[in-house]
Amino acid sequence: MRIARFSIDGNVAFGAVEGDSPPGTTDGLVLDIIKGIPFADFELSGTKVPLSKVRLLPPVLPNKVVAFGRNYAEHAKELGNEVPDAPFAFFKPSTSVIGPGDEIAYPSFSQELHHEAELAVGIGRMCREVPRERVKDVILGYTCANDVTARDVQKREKQWARAKGFDTSCPLGPWVETDLDPSDLTIQCTVNGQQRQLGRTSQMIHSIEDLIVNISEAMTLLPGDVILTGTPEGVGPLNVGDEVAVTIEGIGTLTNKVIKRG
């Protein structure tokens, strides 16, 4: 099931996305509005609205976004970094999250903004110290993410809070796919229609199970929290006016435009 979060006529709700559409369009897609929230048992209301009539929002509102760096060997290599022996985590705050179609505001303190296409994992229930064999039980589903990074700031500051945590630095969407095998999916990033990144989730050094076991040893994960799983090689610059799109096989496409920060 594809679960979207959306607004219509000033109201916010979740809905199940139904139908098929040509790539890059929402033609033919409708939302069956969900009674309740997707983090517990829910029913479909049977009330349907065309996707073209709503505004898609970030598919979840995370309490925290836990991101893992250098989880693809070729990406670590392209930036001159060693591959860590264990998963390497950092945070992006909830205020960094935006949805499909929202604008990425180029931070005033950076001169080198980069895209990083990633598979994101949405957590479906509160959990801590998750054993490997139970990881699938705590996952709501998967969505597209862009770990937008102020690369020059990342290079000169020892911590990554500003470089990766600024407002609008975590686009998520367009929806959460709950029925998906994430082990070998194509990840692609384009800028103004030109391909920049192309990789597969099978290239991850540490699996999704590894990442969730690792972080849940240290902290409680809450429903709606998001895990970013790393980016393949090919990261590169974003400029004001660019349109950046992250496409993941079996999920869809997340598109955002870069604007000058006001």
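Below: a short report on this structure. None of the values given here were measured: they were computed from a predicted structure. (Residues numbered from 1 in each chain as written. Predicted model: local features only at pLDDT ≥ 70, side-chain atom pairs only at ≥ 80, totals over all residues. Heavy atoms only, no water.)

1. Quick notes on the side chain of T143
Next, step 1: With respect to the helices and strands, T143 occurs in strand 12 (residues 139-146).
Next, step 2: Here the side chain of T143 touches G173 through a polar contact of 3.1 Å, landing on its backbone oxygen. (Helix = DSSP H or I, 4+ residues; strand = E, 2+ residues; numbered from the N terminus. Polar contact = N/O pair within 3.5 Å; in protein donor to acceptor, adjacent residues only side chain to side chain.)

2. Quick notes on the sheet that holds strand 10 (residues 113-115)
Next, step 1: Read across the open sheet, the three strands follow the order 13-10-18; overall the sheet is antiparallel. Sheet topology places strand 13 (149-150) and strand 18 (236-238) at the edges, where each strand pairs with a single neighbour.
Next, step 2: Taken together, the two bridges between strand 10 and strand 13 define a ladder with antiparallel strand orientation. Residue pairing across strands places H114 opposite T149, the latter belonging to strand 13. (Pairing = 2+ DSSP bridges.)

3. Thoughts on the sheet that holds strand 20 (residues 252-260)
Next, step 1: Taking strand neighbours across the sheet as the criterion, the five strands line up as 9-20-19-15-16 in an open arrangement whose pairing is mixed. Each edge of the sheet is formed by a strand with only one pairing partner; in this case those strands are strand 9 (103-106) and strand 16 (194-200). Each neighbouring strand pair of the sheet contributes to a mean axis angle of 20 degrees, computed without reference to strand direction.
Next, step 2: Bridge count between strand 9 and strand 20: four bridges; the pairing is parallel. Across the sheet, residue E103 finds its bridge partner in strand 20, namely K257. (Axes fitted to C-alpha atoms, helices over the stretch in contact; angles between N-to-C directions.)

4. Things to note about the layout of surface pockets
Next, step 1: The calculated volume of the second largest pocket comes to roughly 330 Å³.
Next, step 2: Considering the residues around the second largest pocket, the lining is formed by 18 residues, among which Y142, P182, S183, I208 and E209 are closest to the centre.
Next, step 3: Of the residues that constitute the lining of the second largest pocket, the class distribution is eight nonpolar, six polar and four charged. (1 Å grid on protein atoms, 1.4 Å probe; cavity = no way out; pocket = protein on both sides within 12 Å on 5 of 7 lines; lining within 4 Å. Points joined across faces, edges and corners; volume = space filled by probe spheres on them. Nonpolar A, V, L, I, M, F, W, Y, C, P; charged D, E, K, R; others polar.)

5. Overview of the pairing of strand 12
Next, step 1: In terms of burial, strand 12 is largely enclosed, as eight of its eight residues are buried.
Next, step 2: Bridge analysis of strand 11 (residues 117-123) against strand 12 gives seven bridges, and the strand direction is antiparallel. Residue pairing across strands places A120 opposite T143, the latter belonging to strand 12.
Next, step 3: For strand 12 and strand 14 (residues 170-177), the ladder comprises three bridges, and the chain directions are antiparallel. Bridge pairing in strand 14 links A145 to L172. (Buried < 20%, exposed > 50% of the residue type's maximum accessible area, 1.4 Å probe, protein only.)

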